[in-house]
Amino acid sequence: DGFWDCMPSQQVIDFVRERIPQRATEEELVNICSELMMKCLAPSPSISGTGCDNMTVVIVQILRD
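Presented here is a report on the structure given in the accompanying data block.

### Side note on the overall build of the chain
Argument step 1. Secondary structure assignment for the chain yields three helices and zero strands.
Argument step 2. Helices (α) and strands (β) of the chain occur, in sequence order from the N terminus, as α-α-α.
Argument step 3. Among the 65 residues that make up the chain, the fraction classed as buried is 25%.
Argument step 4. Intrachain contacts of the chain at a sequence separation of at least 6 include 61% that bridge at least 24 residues.
Argument step 5. In the form shown here, the chain has an accessible surface area of approximately 5000 Å², with 50% of it arising from carbon and sulfur atoms.

### As for helix α3 (residues 26–40)
Argument step 1. Its 15 residues give α3 an end-to-end C-alpha distance of 21 Å, which sits within 8% of 21 Å, the value for a rise of 1.5 Å per residue.
Argument step 2. Within the span of α3, buried status applies to Leu29, Ile32, Cys33, Leu36 and Cys40. An end-on view of α3 places all buried positions within 95 degrees of arc, on one side of the element. In this structure, α3 carries Glu27 and Met38 as exposed residues pointing more than 90 degrees from its buried face.

### Points about the nonpolar core
Argument step 1. Within the largest apolar cluster, seven residues are counted, these being Phe3, Met7, Val12, Phe15, Leu36, Cys40 and Met55.
Argument step 2. Those residues in contact with Val12 that lie beyond four places of it in its chain are Trp4, Met7 and Leu36.
Argument step 3. The next biggest cluster of nonpolar side chains, apart from the first, holds six residues, and it includes Ala24, Ile32, Cys33 and Ile59.

### Describing the pattern of salt bridges
Argument step 1. On inspection of all chains with the given rule, the structure shows two salt bridges.
Argument step 2. For Arg19, the salt bridge identified is with Glu18, shortest N-O distance 3.5 Å.
Argument step 3. What makes Glu18 exposed here is its relative accessible area of 64%.
Argument step 4. Across the pair Arg19 and Glu35 runs a salt bridge whose closest N-O atoms are separated by 2.8 Å. With a gap of 16 residues between them, Arg19 in helix α2 (residues 9–19) and Glu35 in helix α3 connect regions that are remote in the sequence.
Argument step 5. Overall, the relative accessible area of 37% leaves Glu35 in the partly exposed class.
Argument step 6. Counted as one network, the salt bridges with shared partners bring together Glu18, Arg19 and Glu35.

Basis of the calculations
Residues numbered from 1 in each chain as written. Predicted model: local features only at pLDDT ≥ 70, side-chain atom pairs only at ≥ 80, totals over all residues. Heavy atoms only, no water. Helix = DSSP H or I, 4+ residues; strand = E, 2+ residues; numbered from the N terminus. Buried < 20%, exposed > 50% of the residue type's maximum accessible area, 1.4 Å probe, protein only. Contact = heavy atoms within 4.5 Å. Areas by Shrake-Rupley, 256 points an atom, 1.4 Å probe, with all protein chains shown as cover. Expected span 1.5 Å × (residues − 1). Arc of directions from axis to C-beta. Core = buried A, V, L, I, M, F, W, Y, C linked by side-chain atoms within 4.5 Å. Salt bridge = Lys/Arg side-chain N within 4 Å of Asp/Glu carboxyl O.

See below:
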């Protein structure tokens, strides 16, 4: 629920799609995950509420030959 408290699922999809190239490198995928985390995490751990929940990001890229 951490991300979904900050952004609706379609907004997360759009966020990733706007940034991901056709064949992303591992570094590019890590950077997208980091950007998403920075957008959703609270600026300080002392703040309670939105952005303070535990969050995990995994982007799976399926390549077709």
